[in-house]
Amino acid sequence: MEQQSPNNSFHSKIHSGRIIMDFTESYTDTCSSVGMAARMGDLGCVQDLVWHRKPVDVKDNRGWTPIHEAAFHGHSGCLEFLLRQDVVDPEWRTFENETPLILAARGGHFECVRTLLDCDADPTAETKEMFTPLWEATGADSFECVRLLMRKGAVVQINYQNYTGFTPLHTAAERGYTHILDYLIKHGARLDVCADVDMTSIFLASQFGHKDCLQILLQTAREKGQLDLVNKTTHDHATPLLIASQEGHEDCIRLLLTNGADPNIPVNDLNAVAAHFAVYKDRPRCLQLVLPVTRQDVLFNSVNTMMHPLILGLKLKNTTCLEILIAAGLNVKAFLPLNHDLFEMDQHLLFTVLRYDNSASVLCHMEENWPSQGIEFLLRAGLPCNIQNPQELPPLISALSKADFDLFLLLLKYGANPNIYHERVGGNLPILLALRNDLLPKLIVIDMETRRNLFGKYLIPLLMAGANAQSCFSALNVITEELVYDLHQVLQDTIVWTNLFPLLVLILCFTSNVSLDEKLCVLAQQFKADRLLKKIEDSSGTLSHACRKKVVQQFASSGCYNKDSVCSLPVPSILHEYLLFMEYGTHISEIVQDSLKYLTIKEHAVIHELQPEQGWG
């Protein structure tokens with residue numbers, strides 16, 4: 001016979017670079033002509049082939065004979081005819097130890113099942129993986145097949161477990177086959193048999209939300225004095241109530257609570273209970289059902305930080321669960337243990353050098369990809385954005401350290417103090433961290449198809465919020481061993497210098513009484529900008545410089561600092577130029593205007609961060 005390719009529906013599949021074999025594949029050249037006719041259900045063809053002495057016992061690559069094909073595909077006429085042939089045995093096995101009866105039950109083919117049983121097929125046969133005809137009939141949702149098999153002797157296997165530990169009752173509970181489940185229970189199916197990872201039929205009905213099955217199971221458990229099964233846990237200590245809360249099955253939750261389910265049983269490691277998983281999966285109605293019977297200490301105090309209701313609620317895109325929890329007594333000011341890994345390069349600085357506490361406000365637990373709705377809701381609800389004790393890690397420092405720009409802006413919006421000092425830091429720490437962040441990326445904005453460079457993504461909002469940058473310069477003149485982090489340290493740790501000159505210009509333009517020390521002057525000379533920076537430095541102590549800073553900050557806070565707005569003021573043109581920083585040159589004026597225009601009102605344009613360029617720029 002000419003070699004043929006396998007049927008398209010049975011090809012091997014390639015997934016994620018791995019070849020996954022489908023072991024049910026069938027190659028047409030290994031299936032006999034009788035087997036192919038039986039598969040198609042063509043009784044006339046089967047008869048004609050057999051009468052012309054074609055063999056009926058040829059196996060294909062799976063060990064299937066024609067009677068396996070007929071049984072699996074539900075062709076009872078072909079099956080009856082083949083079983084009448086002298087050489088045919090109804091107990092023939094495939095390579096997986098499947099009998100025709102097992103295959104017929106798998107398809108829920110009642111006539112084929114009856115035909116095979118009438119030919120004395122074994123109703124208790126099992127495959128290599130311990131699947132039985134009764135299990136297969138249950139999985140096919142065929143009540144008629146289940147009932148017939150039970151009457152013919154399969155009842156002895158009613159609690160028989162396959163390789164996963166599943167009994168027919170587990171399968172019926174998992175899939176919601178209420179009629180079969182009720183029949184199995186009435187004929188001796190046990191509720192206390194556990195599948196792999198200790199799952200009971202009650203757990204599976206709860207997991208998949210099959211209320212009617214669960215009701216029958218709980219009623220039976222009550223009648224048999226087995227209601228303790230309502231709190232039977234899996235290997236990781238998950239209860240039926242916990243899984244129902246996680247999956248959002250409100251009716252099942254009500255049934256379980258009515259029958260004594262305990263909402264305070266925690267899972268291993270996390271110490272999280274049903275209420276936590278309701279929040280985790282954003283199931284507010286389920287949360288409302290379990291919350292009144294959940295103990296406060298279990299809900300808020302003993303749980304692992306990553307499953308704390310505050311943390312879980314903040315990860316959601318709506319605030320419904322947070323609102324429910326606050327009404328139930330959630331303390332939004334709670335201090336939670338910090339994961340130091342969130343802070344990457346500042347971990348040593350913050351917790352070893354500056355010795356901030358290891359527990360902090362939930363604001364310090366925020367991660368960049370979390371939605372902002374929850375945190376803004378908590379800020380409106382009274383969550384402080386400033387420290388409550390001296391050793392607490394300030395949320396603004398946390399946001400700057402993690403370069404979480406959205407949280408950084410939100411904290412400033414709600415009044416975070418932009419001036420934070422530490423005895424071991426030379427000057428205002430937010431300014432130093434903002435400068436460190438701004439020295440790394442290169443920012444561009446494309447507006448009206450014009451590409452413009454921007455500087456001071458973190459620095460500008462801080463300066464507009466009134467951050468004191470002067471302290472970072474004056475601290476350079478203080479020599480003490482206690483200072484471990486200052487402006488020199490920031491510059492020393494930075495290998496990308498492209499942004500340094502524009503950032504120094506921005507700081508000097510919005511800082512009074514600045515004095516550049518010798519090291520900074522050397523840097524300015526290398527940029528050939530020493531004269532310009534000296535000019536700005538000299539003017540920083542004047543009253544006019546301080547007044548300009550206030551006026552420009554006012555313009556920027558309302559998002560209208562630009563050349564047109566400034567020039568529309570009813571003052572002499574020389575003042576227009578002064579407010580635009582024109583005395584330092586057009587280039588400096590444009591740096592200030594662009595930075596204030598695009599970095600104080602985010603909606604104006606999309607800002608792109610480019611990979612940093614090495615060198616002096």
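Just so we're clear, the structure is a prediction, and the values are computed from it rather than from any experiment. (Residues numbered from 1 in each chain as written. Predicted model: local features only at pLDDT ≥ 70, side-chain atom pairs only at ≥ 80, totals over all residues. Heavy atoms only, no water.)

Peer 1: A description of the UniProt feature "domain: SOCS box" (unreviewed entry) in the protein should follow, citing residues and the corresponding values.
Peer 2: The residues that UniProt annotates with the feature "domain: SOCS box" (unreviewed entry) are residues 542-585. The straight-line gap between the two end C-alpha atoms of residues 542-585 is 19 Å; of that span, 61% is helix and 0% is strand. (UniProt positions renumbered as here; feature names shortened; annotations may be inferred. Helix = DSSP H or I, 4+ residues; strand = E, 2+ residues; numbered from the N terminus.)

Peer 1: Pulling in residues and values, what's your account of the pattern of salt bridges?
Peer 2: A complete count under the given rule lists 15 salt bridges for this structure. Between Arg62 and Asp60 there is a salt bridge, and its shortest N-O distance comes to 2.8 Å. Grouping residues by exposure puts Arg62 and Asp60 together as buried. One salt-bridge network, in which partners are shared between bridges, spans Arg39, Asp60, Arg62 and Glu69. (Salt bridge = Lys/Arg side-chain N within 4 Å of Asp/Glu carboxyl O. Buried < 20%, exposed > 50% of the residue type's maximum accessible area, 1.4 Å probe, protein only.)

Peer 1: Residues and numbers for the packing of aromatic side chains, please.
Peer 2: Applying the stated criterion across every chain yields a total of eleven aromatic pairs. Ring geometry for Phe405 versus Tyr458: centroids 5.2 Å apart, planes at 80°, classification edge-to-face. Remark: Tyr458 occurs in the loop between β6 (450-454) and α25 (459-464) and Phe405 occurs in helix α23 (residues 405-413); sequence separation between them is 53 residues. Judged by its relative accessible area of 9%, Phe405 is buried. An aromatic cluster is present here, built from Phe131, Trp135 and Tyr163 joined pairwise through their rings. The ring of Trp64 has Arg62 lying over it, and the distance from NZ or CZ to the ring centre is 3.9 Å. Taking NZ or CZ as reference, Arg548 lies 3.9 Å from the ring centre of Tyr578, over its face. (Phe/Tyr/Trp six-rings, centres within 6.5 Å; stacked < 30°, edge-to-face > 60°. Lys NZ or Arg CZ within 6 Å of the ring centre and 35° of its normal.)

Peer 1: Give me empty space enclosed by the protein: which residues, what numbers.
Peer 2: Under the definition given, this model contains one cavity of 30 Å³ or more. Counted as a void, the largest cavity has a volume near 30 Å³. Forming the walls of the largest cavity are Thr30, Cys31, Ser32, Gly35, Val58, Lys59, Asp60, Trp64, Thr65, Pro66 and Glu69. Taken together, the residues that form the lining of the largest cavity break down as four nonpolar, four polar and three charged. (1 Å grid on protein atoms, 1.4 Å probe; cavity = no way out; pocket = protein on both sides within 12 Å on 5 of 7 lines; lining within 4 Å. Points joined across faces, edges and corners; volume = space filled by probe spheres on them. Nonpolar A, V, L, I, M, F, W, Y, C, P; charged D, E, K, R; others polar.)

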